[in-house]
Amino acid sequence: MAITGIYQSGQVSGGRLSAKVSEVVAQNSKASLAAALLPVAVTLVALLVPVIAPYSPLVPAGPAFVPPGHSGFLLGTDSVGRDELSRVLYGMRASWFSALAVIASGLAIGVTVGAVAAVAGGWVDALLMRITDVFLSLPGPVLAIAVVAALGPGLVHTLIGVGIVWWPFYARIVRGEIRALAARPHLEAAKMSGVGPVRRTLRHLLPGTLPALVVTASLDIGNLVLTLAGLSFLGLGAPAPAPELGAMSARNLTFLLQDYWTAVAPGAGIVVLALVGNLAGDGLRNLMKDR
Amino acid sequence: MALFILRRLGSAVGVIIALTVVVFILQKISHTDPVHALLGPGASQAAIHAESVKLGLNKPLLSQFFHYLDGLVHGNLGISYRTRRPVAADLVEFLPATAELALVALVMAIGLGALFGLLSVRGGIAARIFRVVMLLGASTPGYLVAFAGLVFLYNSLHILPATGEASPGGQFQTGFVIADNLLAGQLGGAWDGLVHAILPAFSIALVPAVSIGRVFKSSLEGTLRSDYVRTARAKGLSERRVVAFHAIRNSVGPALTMTGLQLGLMFAGVAVIEEIFAWPGIGYYTAQAIPVSDFPAISGVTLVLGAGYVLINALVDIAQSLADPRIKL
Amino acid sequence: MRRVRGVLPVPGWEDGMAMPGNTGAPVASVKGLKVTFERAGEQIFALRGVDLEIAPSEIVALVGESGSGKSVLGLSLLGLLGHNSKPVVEGTIEVAGAEIGSLTEAQLRRLRRESLGAVFQDPMTSLNPTMRIGKQLAEVAGSAEACVELLRSVGVPDPARRLRAFPFELSGGLRQRVMIAMALAGSPKLIVADEPTTALDVTVQAQILELIRSVRDRFGTSFLLITHDLGVAATVADRVVVMYGGRVVETGRAPALLGGPEHPYTRALLRSRASLDGSGPRRLSVLRGEGVDSHSDLPGCSFAPRCELAFDGCSATPVLGSFGDHQVACWRAGSAHSPFPEDDPGEQAPAETPRSRGLASVKINDVAVSFKVGRGGSQLALKALRGVTLDIEPGGALAIVGESGSGKSTLLRAIAGLAPIASGGVEIGAGGKVQMVFQDSGASLTPWMSVEELLEERLAVCGVRDRQERRQRILEACDSVGLYRQLLPAKAGQLSGGQRQRAALARAVVVAPEVLLCDEPTSALDVSLAAIVLNLIADLRERLGMTLLFVTHDLAVARVVADHVAVMYLGEIVEVGTTEQILKDPQHPYTRSLIDAVPESGRLPVPLKGEPASPLSIPAGCSFHPRCPSALAECGERPQILKVSPLSRGHFIRCEPVLEELTWR
């Protein structure tokens, strides 16, 4: 007659299970925090790459096509005998900082445009948002390719091209968040309190956009790393000898079936960076949700 | 309702016009000189001057723009520096193969996205596995998936072909290999086309599938917590019916919007994958144009794909508003 | 407090068919039910051992404040507990002869389909927004004919046409009728209704309560009516079950229990409730202490920490024992009467305190406000206020009452300068410093700023430069609203509902305003908390000499806080006068209907037909005439004018026929 257990699932257990659940929850938020801090660790490692990398990324260090793990080359060597590990590490460093640079510029432009539009309202809002919408409703990579093709290849041009298509997301988010926040009673309460418009914006509005921005930006690290790798694969990046992950995979495509590591190792570097970005974004989102 | 459709289409046209302005400006600041590129390094001064006049480069900027716009309306996208043919003609040749590949990829992305979303809200072991799969899927560049496919499925297991959109000797009129063969009643040919498309399409579809799946999952989770789903359960409906009739219907909106957005984001992947698989499509065309700075080709691709993307998203919006009884104007 | 020992005039009571408790086995029986949840790693004790029986065709009202576990008990009966959080359940739940814990998921669904029905609080979100009413009904009722029959039985006009409607196309009252029709499908033995009228206007609430009663009478369905409102419980229930801290503390026949409560908690709850009785502004008696700590197991009596009668014996869990004509779970049940003298301080009028400061008057002169809704070609003007004139004397307290769409909040916002005034003006005498307390106090505090930062900001804006002085005044404000000083560094998310409202009040009065505007500050609070906040506002008004404008949908609250009442309908004032005039001798048909619709112990609410019209399509002539019980033919042609009553200066009525009648009286 009496029931002691859990509805629906039919498991018969009491306190033991609940203790386990609380453990899992606590671990979860610890794991989220750790994930959220991953980008900081990666940035530090990226700064230290010149110290860590065993060889120069540009000068041959041994015979060509040494398989991974042989003669002290952890990831082998490429077609001219350069150390693959060093090249991948330098490539990751370049990808990471490129992604951060695009996000920083995107945030700078996007937050400014979005905040100005939302706070000013009226025709300023209409104009800025119309421009933003035009950019948002165009396919980003296609536009980026066109911009880089017009400017000519090169890492800086690629960053400019991607930067041009990357800010509208942030402008939309900031404007949307501010609009949503502005409709909340706390803004009217601040107004009733006699707080002026400038302080209202800086103190009662903008901080509220932070969670959404932080989560989106960190999830974007992964997207950007992938997008930049794709463009680099197509030849839109730093020119030839520079260690760029996408370009390395593209140039070593011909060796894929015999000396797979030359093409695959740079791709694995991309996966690591994108994973860090995605894990951090998920972790941050979990942390923000808990609050 | 009609007003909404008109307004949505009107804004799409506005965006396309803005796109032509952007492309025109890019053309102007382009580092390659069109006259130089067309005539080659050995051209005489007189020939260069004559060509500039022919292209209207000595006229004011605004009239150049209208000249350019006039050309676009008449299907003139300029001459490719590389193929020396009209870009419009090139695009007609290369577009079908990309359209077919993109369609297969889109179907895969939607199918996988729906699967990811549905399975990851169910909880349990399956959800955990799918979380890892989605995380990896969102972090892997398409070309690495293609590499893996080539190494294992082509080179080791010989299950799938490596390049092209059909086996040598395959019969087809346009780049629509599958469609052409189906229309001609050649099931074998259509199957051959599909087999060729599987690996490239999957490589393109994985990242969008995860994005769609994530959005679908979170909107599904929200819906499953809603009051009306509780009502449906209180009615004694089966969980399957609750999910199928009450939850999914109210969750597909955001996933659909995401699908439209992903179409645009897919293109960099399409170019890379077509290059790898020597797929005779627009991406391959673009990839070939980039190293030689063939700007007319790239701007043509940008215009055509951009316009297509804008129209597709307008249609997605309109379809969604037609499906939602609450939107009425 | 009125004490009714006799039988209440309740319909269906006399005719025997609905006599509860005498027709065989109970439809639901709960024994020793304990439910514990897991949230953020902490245990939440929702139910701490509950026994409950519901007889065939009995309406049982489950009354309690938030955290009492009443909704969890309702979901337990429906077998719906485990869907979103996996609780640990002990005890037995028997519904319609089936033991819920032993059923498979399929059997449970069948039980819900055949023997149970559910009605939830918000009919807008509880119906699938993208599915037609007919389809949602057909999922449980089968054929279209059956759907039409169901809709007809719950009083939905033109049922066949409504089948094609989507939920958003129906009014709130109709939606709730559809929910009840859905619950009725399959002729269930028991319907669990969780706060079914809380989201509705008072006139519509009366209609729905009448419907519940009539459904029981016609079909013999039992109801478990979950409510926080003792008035609702008093008017429809056969039996009332009072819950506190996850336990049943008292149960008995509705009239007996509400007329002569035994448990100290029930008594405190009844006494802290604002009611239409009594005269003049007054303080409500309040419960001391904080609500139940849901994180601890609370052995013994849940209420003991707040109980004035608590003694050592209360550390043992009391069981329900018969006491007189009802059952009480209290060790001191017998002695409960003595410590509560009839003339307790809660009923006394507040002592007049000398007012130290100058007072401001508020003059509202023909104020009109309208908003544009929709966009582009289909823009409509929503006339929220259509010429409102009011004169509030310095130090006065005016309650503005009305249903949704009456414009009462817009009026307050127009005075505050938060709504754009299209024509007319607001004049505030003296210094004219105005502060406002919002309905959702949590949302009115900036989430990422601490209480201290918010108070400090207010002081800085008002030119208090000295840090020492600011600190001093913040602490004083804290004390004056009863906010613990330790809570100053806390942010809104870390405060409880009552603490948030205190913090919002502290911010409003840290620099004393001359006029305090209150927009339903207690409507989201539990009864005992609302009493505290109402008293606090009255105290502050006395001490700081503020003029008070108080918007509320609850006439009983108006009675407690105000000396004058203005009744609004569709953007106009239909009647205004002293609280005494409006509540004891209402003249306008709308005011009368509004008062008749209030659920109060000892009388039946009289529902007004129809629902408030939308301010987007205001009826021609007298805007109330389509619903007016005494409308004449010419009422639809002539707009009415607010005129002074021939009987009393200061009493204004917007109804020509009534004014004429009064003249001849």
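Conventions and cut-offs
Residues numbered from 1 in each chain as written. Chains lettered and ligands numbered in written order. Predicted model: local features only at pLDDT ≥ 70, side-chain atom pairs only at ≥ 80, totals over all residues. Heavy atoms only, no water. Helix = DSSP H or I, 4+ residues; strand = E, 2+ residues; numbered from the N terminus. Buried < 20%, exposed > 50% of the residue type's maximum accessible area, 1.4 Å probe, protein only. Contact = heavy atoms within 4.5 Å. Areas by Shrake-Rupley, 256 points an atom, 1.4 Å probe, with all protein chains shown as cover. Lys, Arg positive; Asp, Glu negative; His and termini not counted. Charge placed at Lys NZ, Arg CZ, Asp CG, Glu CD. Buried area = accessible area lost by both parts, 1.4 Å probe. Salt bridge = Lys/Arg side-chain N within 4 Å of Asp/Glu carboxyl O. Polar contact = N/O pair within 3.5 Å; in protein donor to acceptor, adjacent residues only side chain to side chain. Domains from an automatic or database assignment. Patch = residues over 30% accessible without salt bridge, like charges linked within 9 Å, V, L, I, M, F, W, Y side chains within 5 Å. Nonpolar A, V, L, I, M, F, W, Y, C, P; charged D, E, K, R; others polar. Pairing = 2+ DSSP bridges. Axes fitted to C-alpha atoms, helices over the stretch in contact; angles between N-to-C directions. Phe/Tyr/Trp six-rings, centres within 6.5 Å; stacked < 30°, edge-to-face > 60°. Core = buried A, V, L, I, M, F, W, Y, C linked by side-chain atoms within 4.5 Å.

Asks: For this particular structure, what's the right way to read the overall build of chain B?
Replies: Of the regular secondary structure elements, chain B holds 14 helices and 0 strands. Secondary structure elements of chain B, listed N to C terminal, follow the sequence α-α-α-α-α-α-α-α-α-α-α-α-α-α. For chain B, the spread of C-alpha atoms along the principal axes amounts to about 85 × 55 × 40 Å. Going through the 329 residues of chain B one by one, you find that 48% of them count as buried. Sequence separation of at least 24 residues holds for 73% of the intrachain contacts in chain B that already meet a minimum separation of 6. Here chain B has roughly 15200 Å² of accessible surface; of this, 69% comes from carbon and sulfur atoms. Here chain B contributes 22 positive and 17 negative side-chain charges, whose respective centroids are spaced 16 Å apart.

Asks: Just checking my understanding: could you explain the interface of chain A and chain B for this structure?
Replies: Accessible area lost upon the coming together of the parts serves often as the stated size of an interface. On the side of chain B, 41 residues touch chain A, which itself brings 40 residues to the contact. When chain A packs against chain B, close to 3600 Å² is buried across both sides, 81% of that on carbon and sulfur atoms. Linking chain A with chain B are 1 salt bridge. In this structure, the salt-bridge partner of D282(A) is R214(B), at a minimum N-O distance of 3.6 Å. Taken together, chain A and chain B are joined by 2 residue pairs in polar contact (both at pLDDT 80 or more). Every element with two or more residues in the side of chain A that touches chain B is listed here: α4 (122-136), α5 (140-151), α9 (210-233), α10 (245-251) and α11 (261-290) of chain A. Of the residues forming the side of chain A that touches chain B, the biggest block, 11 residues, is contributed by α11(A).

Asks: Just to check I follow, could you spell out the domain arrangement of chain B for this structure?
Replies: All names here are of chain B. Per the domain assignment, the segments making up chain B are domain 1 (2-73) and domain 2 (93-328). One C-alpha centre belongs to domain 1, the other to domain 2; they are set 33 Å apart. Tallying the contact residues gives 17 residues for domain 1 and 14 residues for domain 2. Carbon and sulfur atoms make up 83% of the area that domain 1 and domain 2 hide from each other, which totals about 1300 Å². Remark: the boundary between domain 1 and domain 2 carries 1 salt bridge.

Asks: Mind showing me how you'd approach a nonpolar patch on the surface here?
Replies: Residue and element names in this part refer to chain A. Where nonpolar side chains cluster on the molecular surface, the patch consists of L33, L37, V40, L44, V45, L47, L48, V51 and I52 and spans about 860 Å² of accessible area. If you list the elements that add at least two residues to the nonpolar patch, you get α1 (15-47) and α2 (49-52). Among the elements that make up the nonpolar patch, the one with the highest residue count is α1 (6 residues). Relative to the assigned elements, V40 resides in helix α1.

Asks: Please clarify how the environment of I212(C) should be interpreted in this entry.
Replies: All names here are of chain C. Inspection of the secondary structure assignment puts I212 in helix α8 (residues 202-219). By relative accessible area, which is 2% here, I212 ends up buried. Remark: the alpha-carbon pair of I212 and A237, spanning 25 residues in sequence, is separated by 9.9 Å. Excluding residues that lie within four positions of it along the chain, I212 makes contacts with I59, I180, P196, F223 and L225.

Asks: I keep staring at the interface of chain B and chain C and nothing clicks. Help me out?
Replies: Listed as interface residues are 23 residues of chain B and, on the opposing side, 26 residues of chain C. Interface area for chain B against chain C, summed over the two sides, is near 2400 Å², with a carbon-plus-sulfur share of 56%. Notably, a salt bridge pairs R241(B) with E139(C), separated by 3.1 Å at the nearest N-O pair. There are 12 residue pairs in polar contact (both at pLDDT 80 or more) connecting chain B and chain C. For the side of chain B that touches chain C, the secondary structure elements donating two or more residues are α10 (227-234) and α11 (239-247) of chain B. Class assignment for the residues of the side of chain B that touches chain C results in 7 nonpolar, 5 polar and 11 charged.

Asks: It is not clear to me how the sheet that holds strand β3 (residues 59-63) of chain C should be interpreted in this structure. Could you clarify?
Replies: Strand pairing within a sheet occurs via backbone hydrogen bonds; the two strands may be parallel or antiparallel. Residue and element names in this part refer to chain C. With respect to topology, 8 strands assemble into an open sheet ordered β6-β7-β8-β3-β9-β10-β12-β11, the strand pairing being mixed. The open sheet has two edge strands, β6 (116-119) and β11 (321-323), and neither has a second partner. Adjacent strand axes in the sheet meet at a mean angle of 20° when their direction is disregarded. Examined bridge by bridge, β11 and strand β12 (residues 326-328) share 3 bridges and lie antiparallel to one another. Counterpart to S322 in the pairing with β12 is Q327.

Asks: Even after reading the chapter, I still don't get the environment of W261(A), so can you show me in this structure?
Replies: Residue and element names in this part refer to chain A. Within the secondary structure, W261 is located in helix α11. On the accessibility criterion, W261 (7% relative accessible area) is buried. Each C-alpha atom of the pair W261 and D78 lies 8.4 Å from the other, and the pair is 183 residues apart in sequence. Among residues more than four places away in sequence, those in contact with W261 are F65, V66, P67, P68, L75, G76, T77, E84 and P266.

Asks: Mind showing me how you'd approach the packing of aromatic side chains here?
Replies: Where two aromatic rings form a pair, the distance of their centres and the angle of their planes describe that pair. Residue and element names in this part refer to chain B. Under the counting rule described, the total for this entry stands at 19 aromatic pairs over all chains. For the ring pair F24 and Y68, a centre distance of 5.5 Å and an interplane angle of 40° mean the geometry is tilted. Of this pair, F24 sits in helix α1 (residues 2-29) while Y68 sits in helix α4 (residues 61-73), and the two are 44 residues apart along the sequence. A relative accessible area of 14% places Y68 in the buried class. Relative to F147, the ring of Y143 lies with its centre 5.7 Å away and its plane at 55°, an arrangement referred to as tilted. Taken together, the residues span about one helical turn, with Y143 and F147 both in helix α7 (residues 142-156) at a distance of 4 residues.

Asks: Could you clarify how one ought to interpret the nonpolar core in this entry?
Replies: In summary, soluble globular proteins display a tendency toward joint burial of nonpolar side chains. Residues I145(A), V162(A), Y143(B), F147(B), F267(B) and I276(B) are the most contacted members of the largest nonpolar core, which totals 127 residues. The greatest single-element share of this core, amounting to 13 residues, is contributed by helix α9 (residues 187-224) of chain B. Residues lining this core come from more than one domain, with at least three contributed by each of domain 1 (2-73) and domain 2 (93-328) of chain B. Those residues within four positions of I145(A) in sequence are excluded, and the remaining contacts are L231(A), L234(A), L236(A), F267(B), T286(B), I290(B) and I298(B). Listed in part, the 100 residues of the second largest apolar core include L33(C), L78(C), L127(C) and V140(C).

Asks: Explain α10(B) here, please?
Replies: Two residues of an α-helix separated by three or four positions point the same way, owing to the 3.6 residues in each turn. Counting buried positions over the 8 residues of α10(B) gives 6, a clear majority of the element. If you check which residues of α10(B) are buried, you get Y228(B), V229(B), T231(B), A232(B), R233(B) and A234(B). Buried-residue contacts for α10(B) involve α9 and α11 of chain B together with α2 (105-115), β6, α3 (123-126) and α7 (172-184) of chain C. Just past α10(B), the residue G236(B) takes up positive phi, approximately 90°.

Asks: I keep staring at unusual backbone geometry and nothing clicks. Help me out?
Replies: In most cases, non-glycine residues show a negative phi, while peptide bonds are predominantly trans. Residues and elements named next belong to chain C. With a phi angle near 55°, D158 is a residue other than glycine that sits in the positive phi range. Among the structural elements, D158 can be located in the loop between α5 (144-153) and α6 (159-162). Residue D158 is classed as partly exposed on the basis of its relative accessible area of 41%. In the Ramachandran plot, E520 falls in the positive-phi region, its phi being about 45° despite a non-glycine side chain. As for its position among the elements, E520 is in the loop between β18 (515-519) and α17 (527-544). Judged by its relative accessible area of 9%, E520 is buried.

Asks: Explain the sheet that holds strand β13 (residues 362-373) of chain C to me, please; I cannot follow it from the model alone.
Replies: All names here are of chain C. Taken together, the 3 strands give an open sheet; going across it, the order is β14-β13-β16, and neighbouring strands pair in antiparallel fashion. A single partner strand is all that each edge strand has here, and the edge strands are β14 (380-392) and β16 (423-428). Direction aside, the axes of adjacent strands within the sheet are offset by 25° on average. Examined bridge by bridge, β13 and β14 share 10 bridges and lie antiparallel to one another.

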